[in-house]
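This is what each chain is made of:
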Amino acid sequence: MSKDLYKRGEEIRNEVLGEAYVKNSAAVTDEFSEPMRAFAIRNLWGDVWDRPGLDRRMRSMINLAMLAAMDRPAELKVHLRGALNNGVSRDEIREIFLQVALYCGVPTGSDATRIARVFFAEYDAEQGKA
């Protein structure tokens, strides 16, 4: 079962984050970080992200709110990509961060908005939209 979770996790991770991101992530993984990467692929992507209770779009929206609230900028950037790939619009992302600002404080919402603005510029350049 563990091997199946890993395989399914890799499939979902590729679909959500994109093959280029996943390939780059694997390339920078070393002996020390591989167990954490494998754990996340099996449990996070292969199990929880594959559950039927929420669709990927909703999971992405929840992740953006939680990661912003927890002040996790590196993971927030990763999940901004996933959110776009899962059909979350930039307008919806803006609203999520306004909600975060209301409940977690304006500095938290502002930081998330800044991270998203920089990410969108990078993403657009990647996509040839700049």
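This is a predicted model, so every value here is computed, not measured.

Parameters and conventions
Every chain's residues receive numbers from 1 upward, in the order its sequence appears when written. pLDDT decides what is reported in this predicted model: residues at 70 or higher carry local features, side-chain atom pairs at 80 or more are listed and counted, and totals for whole chains, interfaces and linings draw on all residues regardless. The basis for the side-chain values is all heavy atoms of the structure; hydrogens and waters are excluded. UniProt positions are given in the numbering used here, feature names are shortened, and annotations may be inferred rather than shown by experiment. Only DSSP runs of H or I covering at least 4 residues are called helices, and only runs of E covering at least 2 are called strands; the numbering of each starts at the N terminus. Fitted lines through C-alpha atoms give the axes, limited to the stretch in contact for helices. The angle between two N-to-C directions lies from 0 to 180 degrees. We call two directions roughly parallel when the angle between them is under 35 degrees, roughly antiparallel when it is over 145, roughly perpendicular when it lies between 65 and 115, and oblique otherwise. For any helix crossing, the convention is left-handed if the near helix is rotated counterclockwise from the far helix by under a right angle, and right-handed if that rotation is clockwise. Whether two residues touch is decided by their heavy atoms; if any such pair falls within 4.5 Å, the residues are in contact. Side-chain classes are defined by residue name, with Ala, Val, Leu, Ile, Met, Phe, Trp, Tyr, Cys and Pro counting as nonpolar, Asp, Glu, Lys and Arg as charged, and the others, Gly among them, as polar. The split of the chain into domains comes from an automatic or database domain assignment. Buried area counts how much accessible surface, traced with a 1.4 Å probe, disappears from two parts once they are put together, with both parts' losses summed. Basic side-chain nitrogens of Lys or Arg form a salt bridge, by our definition, when they fall within 4 Å of a carboxyl oxygen of Asp or Glu.

1. Examining the UniProt feature "domain: Carboxymuconolactone decarboxylase-like" (unreviewed entry) in the chain
Link 1 in the chain: Listed under "domain: Carboxymuconolactone decarboxylase-like" (unreviewed entry) in the UniProt record, and renumbered for this structure, are residues 42–117.
Link 2 in the chain: Counting secondary structure, residues 42–117 comes out at 76% helix and 0% strand; the distance between its end C-alpha atoms is 31 Å.

2. Some remarks on the packing of helix H4 (residues 56–69) against helix H5 (residues 73–85)
In a pair of packed helices, the angle between the axes and the distance between the axes together describe the arrangement.
Link 1 in the chain: Between H4 and H5, whose axes approach to 9 Å, the crossing angle comes to 160 degrees. It follows from the interaxial angle that H4 and H5 lie roughly antiparallel. In the crossing of H4 with H5, the sense of the turn from one axis to the other is left-handed. On the side of H4, the interface is formed by Ser60, Asn63, Leu64, Leu67 and Ala68, while H5 contributes Glu75, Leu76, His79, Leu80, Gly82 and Ala83.
Link 2 in the chain: Class assignment for the residues of the contact of H4 with H5 results in 6 nonpolar, 4 polar and 1 charged.

3. Structural notes on the domain arrangement of the chain
By a widely used convention, the size of an interface equals the accessible area lost when the partners come together.
Link 1 in the chain: Entries for the chain in the domain assignment read domain 1 (1–51) and domain 2 (54–129).
Link 2 in the chain: For domain 1 and domain 2, the distance between their C-alpha centres works out to 21 Å.
Link 3 in the chain: Taken together, the 11 residues of domain 1 in the interface contact 11 residues of domain 2.
Link 4 in the chain: With both chains or domains summed, domain 1 and domain 2 bury close to 920 Å², and 53% of this area falls on carbon and sulfur atoms.
Link 5 in the chain: When the buried surface of domain 1 facing domain 2 is broken down by residue, Val16, Leu17 and Trp49 rank first, second and third, together holding 59% of it.
Link 6 in the chain: Counting across the interface, domain 1 meets domain 2 through 1 salt bridge.
Link 7 in the chain: The residue Arg56 makes a salt bridge to Glu15 at a minimum N-O spacing of 2.5 Å.
Link 8 in the chain: Of the residues that constitute the side of domain 1 that touches domain 2, the class distribution is 7 nonpolar, 1 polar and 3 charged.

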